[in-house]
Amino acid sequence: MPAWYAPRGPDDHTLVFESRFESGNLRRAVQVYPYEYDLILRPDINTRGHTQWFFFSIANTRAGCRYKLNLINLLKEDSLYNDGMQPLVHSAKAQAGRGLGWHRAGSRVAYYGNTIRRGRNGAGAGGKTYYTLTFTLTAEFDNDLLHVAHCYPYTYTDLQRYIKAVELDPLRRGRMKRELLATSLAGNAVDVLTITSPGPGGDDEKDPAKRRKAVVLSARVHPGESNASWMMKGVLDYLLGPSLDARMLRDTFVFKIIPMLNPDGVITGNYRCSLAGVDLNRVWNDPSRKLHPVVHATKAFLRALADEREVALFCDLHGHSRKLDVFMYGCQKELPKDGVLPLLIHHNAPDLFSFRHCSFKVQKSKSGTGRVVGFKELGLVNSFTLEASFAGASSGRWARQHFATSHLEAQGAALVASLLDYWDPEGWGHADLLAQL
């Protein structure tokens, strides 16, 4: 595709912006000063809002130049950018020269309310205004290609390549089976992955594989929460790995994993919604077969699975834009029942997961979420969301540092590793844990 702007010569230092790639969502770039640009993000398709995720590229840089970028149509009243978070940057020349991939960068980072009124022609939205995220990037190379993002990108293509690599791996392909769960509004396949140890098969009721409890994990119902996909990658790497604990998990459970519930939103660069302009994590109580086909199919799948065998855990993976740490939301106010698994995860990943930031209350606004519907309507006792900060941890070894993809993958591994402890109460000291709760 031709660029929106073509530099007129070597003395033209105007940046060239682009986002017509998977998960990109920049609508407009306006040069306000020679090295300063106002950027307008595209709202989620068929909505007028949900601007928080961003992913775009910059070309025609000059080494040593400082570029001030202002994203001027954000909607949230507060942000972790005011708590030290930096955007993510990828430099093509730094990657080629010294292997530097995605990294945090940017100085003079600030997030604040501006004077641009929301709504058509500046009217409506109760007199509210937009918010601005501003930061300065210093180019290291001439004519570099920089990509800038809110969080580590993980696209639908990345997922398909990962699954295909597993299917081609002679050591792992026998541990995973891919099946089509549903087709999205745009016609994209939504897969469910089954991971378990093979049983002898047949109709023998003594087959241990038929008595195994099920564990259902899902992610990316909110497409802009790409950190959820990195946790899910950690889950898959661990379960498909050669360790003794992974083998014990495969022998004990049947894992049903839906890695990407909203592929259309991921592909188009949405932050929150589907192509129908709907937050799919608010329609679980009555999903439409036509408008919300993936949630409709997933709910039916969960119901049928619960009739077939006990579902030991249903957990939906998310990212959180205002809080630090990794934590869980549950559905029962009464402890210790709902708090046992989160506390075990805290013990297995103390530098990443915060038990004290977990919440087990159900707000009325969350009644249509997968977590709440799974618990109240489908009768799933352990029904959670796992939330990972877009920034990092508040305490422990990684306090006040940004999460890397390795941290998110480790958290995913800790989630499933904790299931062995959960179903072996004598191993971790049931009485001691209840005393802590």
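Provided above is the structure to which this section pertains.
Keep in mind that this is a model prediction, so the values were computed, not measured.

## Observations concerning the packing of aromatic side chains
Overall, the coordinates contain 13 aromatic pairs when judged by the stated rule. Taking 6.0 Å as the distance between ring centres and 50° as the angle between the ring planes, the aromatic pair formed by Trp284 and Phe314 counts as tilted. Placement of the pair is Trp284 in the loop between α5 (263-268) and α6 (293-308) and Phe314 in strand β15 (residues 311-320), with a sequence separation of 30 residues. Take Trp284: its relative accessible area is 1%, and that puts it in the buried class.

## Digging into the sheet that holds strand β2 (residues 26-33)
Pairing is mixed across the open sheet formed by five strands, whose spatial order is β2-β3-β5-β9-β8. Both edges of this open sheet fall to β2 and β8 (107-117), since each of them pairs with a single strand only. The average undirected angle you get between the axes of adjacent strands in this sheet is 25°.

## Quick word on unusual backbone geometry
Positive phi, close to 65°, is recorded for Asn46, a residue that is not glycine. Tracing the chain through its elements places Asn46 in the loop between β3 (36-41) and β4 (55-59). The exposure class assigned to Asn46 is exposed, which follows from its relative accessible area of 61%. The backbone of Arg108 sits at a positive phi, close to 50°, despite the residue not being glycine. Residue position: Arg108 is located in strand β8.

## Looking at the environment of Leu275
Relative to the elements of secondary structure, Leu275 occurs in the loop between α5 and α6. Through-space distance from the C-alpha of Leu275 to that of Arg20 is 17 Å; in sequence the pair is 255 residues apart. Apart from the residues within four sequence positions on either side, Leu275 is in contact with Ile45, Asn46, Leu185, Ala186, Asp264 and Thr268.

## Comments concerning the pattern of salt bridges
Under the definition given, this model contains 16 salt bridges. Arg98 is paired through a salt bridge with Glu140; the nearest N and O atoms lie 3.0 Å apart. Linking Arg98 in helix α1 (residues 92-98) with Glu140 in the loop between β9 (129-138) and β10 (146-149), this pair joins segments that are 42 residues apart in sequence. On the accessibility criterion, Glu140 (45% relative accessible area) is partly exposed. The shortest N-O distance in the salt bridge between Lys299 and Glu377 comes to 3.0 Å. Of the two residues, Lys299 sits in helix α6 while Glu377 sits in the loop between α8 (370-376) and β17 (383-389), which places them 78 residues apart along the sequence. Residue classification places Glu377 among the partly exposed positions, given a relative accessible area of 39%. A single salt-bridge network, built from bridges that share partners, covers Glu167, Arg178 and Asp191.

## Some points on the nonpolar core
Among the nonpolar cores identified, the biggest contains 94 residues, and Leu217, Phe255 and Ile257 are the most heavily contacted of them. In this structure, Leu217 is in contact with Met232, Val235, Lys256, Ile257, Ile258, Leu313, Cys315, Leu415 and Val416, ignoring residues within four places of it in sequence.

## Some remarks on the sheet that holds β15
An order of β11-β12-β14-β13-β15-β17-β16 is seen for the seven strands of this open sheet, with the pairing classed as mixed. With partners counted over all chains shown, the strands left at the sheet margins are β11 (176-183) and β16 (326-329), one partner each. On average, each strand axis in the sheet is inclined to that of its neighbour by 20°, with strand direction left out of account. Pairing analysis gives seven bridges linking β11 to strand β12 (residues 189-195), with the strands arranged antiparallel. Among the inter-strand pairings, Lys177 is bridged to a residue of β12, identified as Thr194.

## Notes on the packing of helix α3 (residues 227-239) against helix α9 (residues 405-422)
Look at α3 against α9: their axes get within 7 Å of each other, and the N-to-C directions meet at 55°. Considered as vectors, α3 and α9 are oriented oblique to each other. Along this stretch, α3 crosses α9, giving a crossing that reads as right-handed. Where α3 abuts α9, its residues Asn227, Trp230, Met231, Lys233, Gly234, Val235, Asp237, Tyr238 and Leu239 lie against Thr405, Leu408, Glu409, Gln411, Gly412, Ala413, Leu415, Val416 and Ala417. Across the contact of α3 with α9, the residue classes tally to 10 nonpolar, five polar and three charged.

The rules behind the values
- Residues numbered from 1 in each chain as written.
- Predicted model: local features only at pLDDT ≥ 70, side-chain atom pairs only at ≥ 80, totals over all residues.
- Heavy atoms only, no water.
- Phe/Tyr/Trp six-rings, centres within 6.5 Å; stacked < 30°, edge-to-face > 60°.
- Helix = DSSP H or I, 4+ residues; strand = E, 2+ residues; numbered from the N terminus.
- Buried < 20%, exposed > 50% of the residue type's maximum accessible area, 1.4 Å probe, protein only.
- Pairing = 2+ DSSP bridges.
- Axes fitted to C-alpha atoms, helices over the stretch in contact; angles between N-to-C directions.
- Contact = heavy atoms within 4.5 Å.
- Salt bridge = Lys/Arg side-chain N within 4 Å of Asp/Glu carboxyl O.
- Core = buried A, V, L, I, M, F, W, Y, C linked by side-chain atoms within 4.5 Å.
- Parallel < 35°, antiparallel > 145°, perpendicular 65-115°, else oblique.
- Left-handed = near helix turned anticlockwise from the far one by under 90°.
- Nonpolar A, V, L, I, M, F, W, Y, C, P; charged D, E, K, R; others polar.

Everything listed is a geometric property; what it means functionally is a separate question.
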